[in-house]
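Spelled out from the first residue to the last, the chains are:
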Amino acid sequence: MVLVPLQLVRRRLDFRVRFTAAVIWTCLATAVVPPALAGGESASVTGTVAYRERIALTPEAVVEVQLLDVSLADASAKLIAEQTIKPEHQVPIPFELVYDPATIDERYTYTVRATIRERGRLMFTTDRSYRVLTRGAPNHVDLILVRTSN
């Protein structure tokens, strides 16, 4: 049996603690902060995603919810915020879209849309516009999705 001097053990332990702390600090310092949270101020649109069919979601289901700027009729919608959810239970599934309030213009129109996919196949989608945030629209919406033909 080899005996290691106590000072050597302390030095090795001290090095490991300092090294681990440095690695953690580096990871935290270089972490990507979502733009909505970078400025310190944020706001959110909340709601639920549901559908009327009496069909259970499989464990492979993925819910995607998006906050979109749909103000320009001749251009594609601009993505403001999105959330991807791996549901742990059946519908209704709550969501929260966090965004930077500075990106919202009271003159523009914003909507929330959602999809549910299973194994990459589109199973449910919103089929109407759910307006939010401006022109008297709420910041909470309960989305009802419809089944696709897949």
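Residues numbered from 1 in each chain as written. Predicted model: local features only at pLDDT ≥ 70, side-chain atom pairs only at ≥ 80, totals over all residues. Heavy atoms only, no water.

Peer 1: What exactly am I supposed to notice about the nonpolar core here?
Peer 2: Counting residues in hydrophobic clusters, the biggest one holds 28 residues, and the most contacted among them are V65, L67, F95, V112 and L143. Sorting the residues of this core by element identifies strand 1 (43-51), strand 2 (61-69), strand 3 (78-85), strand 4 (93-99), strand 5 (110-118), strand 6 (121-125), strand 7 (130-132) and strand 8 (140-147) as the ones contributing at least two each. For V112, the contacting residues outside a window of four places in its chain are V45, V65, Q66, L67, F95, L97, Y130, V132, V141 and L143. (Core = buried A, V, L, I, M, F, W, Y, C linked by side-chain atoms within 4.5 Å. Buried < 20%, exposed > 50% of the residue type's maximum accessible area, 1.4 Å probe, protein only. Helix = DSSP H or I, 4+ residues; strand = E, 2+ residues; numbered from the N terminus. Contact = heavy atoms within 4.5 Å.)

Peer 1: What am I meant to see in the pattern of salt bridges here?
Peer 2: For side chains bearing opposite charge, pairing can occur when the charged atoms are close. Inspection of every chain in the model, using the stated rule, returns 2 salt bridges. Close ionic contact of R119 with E60 constitutes a salt bridge, the shortest N to O distance being 3.5 Å. You can see R119 sitting in the loop between strand 5 and strand 6 and its partner E60 sitting in the loop between strand 1 and strand 2, a full 59 residues away along the chain. Classification of R119 by relative accessible area gives exposed; the value is 68%. E60 gets classed as partly exposed once you look at its relative accessible area, which sits at 32%. (Salt bridge = Lys/Arg side-chain N within 4 Å of Asp/Glu carboxyl O.)

Peer 1: Would you explain the side chain of D69 in this entry?
Peer 2: The residue D69 is located in strand 2 in this model. Of the polar contacts made by the side chain of D69, one reaches the side chain of S71; its length is 2.7 Å. With sequence-adjacent residues up to four places away left out, D69 is seen in contact with A77, K78, I80, Y108, T109 and Y110. (Polar contact = N/O pair within 3.5 Å; in protein donor to acceptor, adjacent residues only side chain to side chain.)

Peer 1: Please clarify how the pairing of strand 4 should be interpreted in this entry.
Peer 2: Residues in a regular strand project their side chains so that they alternate between the two faces of the sheet. Where burial is concerned, the two faces of strand 4 differ: the one with I93, F95, L97 and Y99 is buried and the one with P94, E96 and V98 is not. Two elements, strand 1 and strand 4, share 7 bridges in a ladder whose sense is antiparallel. Directly across from G47, in strand 4, lies its bridge partner F95. (Pairing = 2+ DSSP bridges.)

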